Amino acid sequence: MERHRIEILLRAEQPIAHAEGTIGNTQVAMRRKVRLPNGRWTKIPYVTGDTMRHGLREAGTYALLEAAGMLNAGPGLTEAALRLLFSGGMVLGAAAEVVRIEDARKMRQLLPHIGLLGGCIGNRIEPGKIECGDAMLVCDEWHHLTPQWIIDLMTQDGAETSSAREHIELVQRVRMDPTLDSKKRALMSGTEQLKTENRLLASEVASARDDAAAKDREKSTMMPFTFETLAAGSLFVWKLDAVTHSQLERDTLYVMLAAFLARARVGGKKGTGHGLLVPVAARGLERDVSTSPTSLDALAVTGDNRAPEIARFRAHVAQHADELRATLEKIQA
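Things to note about the overall build of the chain
Then comes step 1: A tally of regular secondary structure across the chain gives twelve helices and 13 strands.
Then comes step 2: Relative to its full complement of 333 residues, the chain shows a buried share of 45%.
Then comes step 3: Taking as baseline every contact in the chain between residues at least 6 positions apart, the subset at least 24 positions apart corresponds to 73%.
Then comes step 4: A total accessible area of about 17,600 Å² is found for the chain, and carbon and sulfur atoms account for 51% of it.

Things to note about the sheet that holds strand β12 (residues 264-265)
In a beta sheet, neighbouring strands are held together by backbone hydrogen bonds and run either parallel or antiparallel to one another.
Then comes step 1: The strand order across the open sheet built from seven strands is β4-β5-β8-β11-β1-β13-β12, with neighbouring strands paired in antiparallel fashion. Every interior strand has two partners, whereas the edge strands, β4 (31-35) and β12, have only one.
Then comes step 2: Pairing of strand β8 (residues 130-137) with strand β11 (residues 235-244), which is carried by six bridges, proceeds in the antiparallel orientation. The partner of Glu131 across the bridge, within β11, is Asp241.
Then comes step 3: Across the sheet, helix α1 (residues 49-67) touches β1 (2-12), β5 (41-47), β8 and β11, and the angle it forms with β8 is around 125 degrees.

Some points on helix α10 (residues 247-262)
Then comes step 1: Compared with the 22 Å implied by 1.5 Å per residue over 16 residues, the 22 Å span of α10 between its first and last C-alpha is a close match.
Then comes step 2: Among the 16 residues of α10, 13 are classified as buried, and the element is accordingly described as predominantly covered.

Comments concerning the environment of Arg265
Then comes step 1: If you trace the backbone, Arg265 turns up in strand β12.
Then comes step 2: On the basis of relative accessible area, Arg265 is assigned to the partly exposed category, the value being 22%.
Then comes step 3: Along the backbone, Arg265 and Gly275 are ten residues apart, and their C-alpha atoms lie at a distance of 4.9 Å.
Then comes step 4: Setting aside its immediate chain neighbours within four residues, Arg265 contacts Gln14, Phe260, Lys270, His274, Gly275 and Leu276.
Then comes step 5: A distance of 2.8 Å separates a polar side-chain atom of Arg265 from the backbone oxygen of His274.

Concerning the packing of α1 against helix α11 (residues 308-319)
Then comes step 1: Packing of α1 against α11 brings their axes to within 8 Å, and their N-to-C directions diverge by 60 degrees. Here α1 lies oblique to α11, going by the angle between them. Every pair of crossing elements has a handedness; the one defined by α1 and α11 is right-handed. Between α1 and α11, the residues in contact are Ala63, Leu64, Glu66 and Ala67 and Phe313, Arg314, Val317 and Ala318, respectively.
Then comes step 2: Along the lines of polarity and charge, the residues of the contact of α1 with α11 split into six nonpolar, no polar and two charged.

Section: the nonpolar core
Then comes step 1: Met52, Ile130, Phe236, Trp238 and Leu257 are the most contacted members of the largest nonpolar core, which has 49 residues in total.
Then comes step 2: In this structure Met52 touches Leu10, Val47, Cys132, Gly133, Ala135, Trp238, Phe260 and Val266, once residues within four positions along its chain are discounted.
Then comes step 3: Of all hydrophobic cores here, the second largest spans 26 residues; its members include Ala80, Leu85, Val317 and Ile331.

Quick notes on the pattern of salt bridges
Then comes step 1: Following the criterion strictly, the structure yields 17 salt bridges and no others.
Then comes step 2: Linking Arg83 and Glu79 is a salt bridge whose minimum nitrogen-to-oxygen distance equals 3.1 Å. Of this pair, Arg83 and Glu79 both sit in helix α2 (residues 79-87), separated by four residues, roughly a single helical turn.
Then comes step 3: A cluster of three or more residues bridged by salt bridges with shared partners is formed by Glu2, Arg250 and Glu309.

Structural notes on helix α8 (residues 190-209)
Three or four residues apart is the spacing at which side chains of an α-helix point the same way, because the helix has 3.6 residues per turn.
Then comes step 1: With 20 residues, α8 extends 29 Å between its outermost C-alpha atoms, agreeing within 8% with the 28 Å of an ideal straight helix rising 1.5 Å per residue.
Then comes step 2: Listed as buried for α8 are Thr196, Leu200, Ser203 and Ala206. Each buried residue of α8 lies within a common arc of 120 degrees when the element is viewed along its axis, so the set occupies one face. The exposed residues of α8 that point more than 90 degrees off its buried face are Gly190, Thr191, Leu194, Glu204, Ala208 and Arg209.

Quick notes on the rules
- Residues numbered from 1 in each chain as written.
- Predicted model: local features only at pLDDT ≥ 70, side-chain atom pairs only at ≥ 80, totals over all residues.
- Heavy atoms only, no water.
- Helix = DSSP H or I, 4+ residues; strand = E, 2+ residues; numbered from the N terminus.
- Buried < 20%, exposed > 50% of the residue type's maximum accessible area, 1.4 Å probe, protein only.
- Contact = heavy atoms within 4.5 Å.
- Areas by Shrake-Rupley, 256 points an atom, 1.4 Å probe, with all protein chains shown as cover.
- Pairing = 2+ DSSP bridges.
- Axes fitted to C-alpha atoms, helices over the stretch in contact; angles between N-to-C directions.
- Expected span 1.5 Å × (residues − 1).
- Polar contact = N/O pair within 3.5 Å; in protein donor to acceptor, adjacent residues only side chain to side chain.
- Parallel < 35°, antiparallel > 145°, perpendicular 65-115°, else oblique.
- Left-handed = near helix turned anticlockwise from the far one by under 90°.
- Nonpolar A, V, L, I, M, F, W, Y, C, P; charged D, E, K, R; others polar.
- Core = buried A, V, L, I, M, F, W, Y, C linked by side-chain atoms within 4.5 Å.
- Salt bridge = Lys/Arg side-chain N within 4 Å of Asp/Glu carboxyl O.
- Arc of directions from axis to C-beta.

The structure is reproduced here in structure tokens:
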């Protein structure tokens, strides 16, 4: 048995739009309640451990399917297999096929990342071996809980922490209504164009008469909205503890971390320039990244296989690829 206590400093290359809910048309950033040294309470923005854990699960799944030659082999996964690989499956109850201890042990060999992260197969819940923490914002309010090595690293660079409030940026966007553009309306059929222009005319008349009910009924679909982000450049500290019981599990842990950190995307609005986190430094990894942020690239899933962990992981999965395919075809999860 080997215990891994890993701490990673991450930097937001793009703003992070990780929301806990909305108030009207405003999306509010995820925050967590924290007690300060003086006894007062405050709320600090963060990225949930669930999000970070899911990032590991997706990275591990894609690495497994790539190594097994199943990514470009065309459709092949059942709904149950998809559910197990990407969300950990679900307990199917008494109607499910009984999964014996020996079957579960074999499953951990074929799906080592499921063994580390946990999952539900048939009527059995397989507990995970990774305790994945939240990625907490490095700020004044979190200073007393930030690992000392990160404070020392920032001090060496002449950097200081700032309040959590300073990291928040309020952004406004507008969802446009294409029917307000005459050039776009010209693309519509005659009947649809007439109906739309009648609606626009009714809206103008309602506005002129200050008829609230009519204005609401005929209003445009254009909608302004705002959302909170954590500004680009913000730093986060992410901690995870893991226990591995074999070289395969250890290799899988490193492959998942490498694949996830190679392009870690969190939160929403990923399609509009949000969510990218990059590793800056770490403690507890065999590959030291404290002086060279790019040294984690040595663990990248793609590339020249400079890391022996990846070579061993790929060899193991390739050796059991046929058995893995057969198992995924009939699995209940």
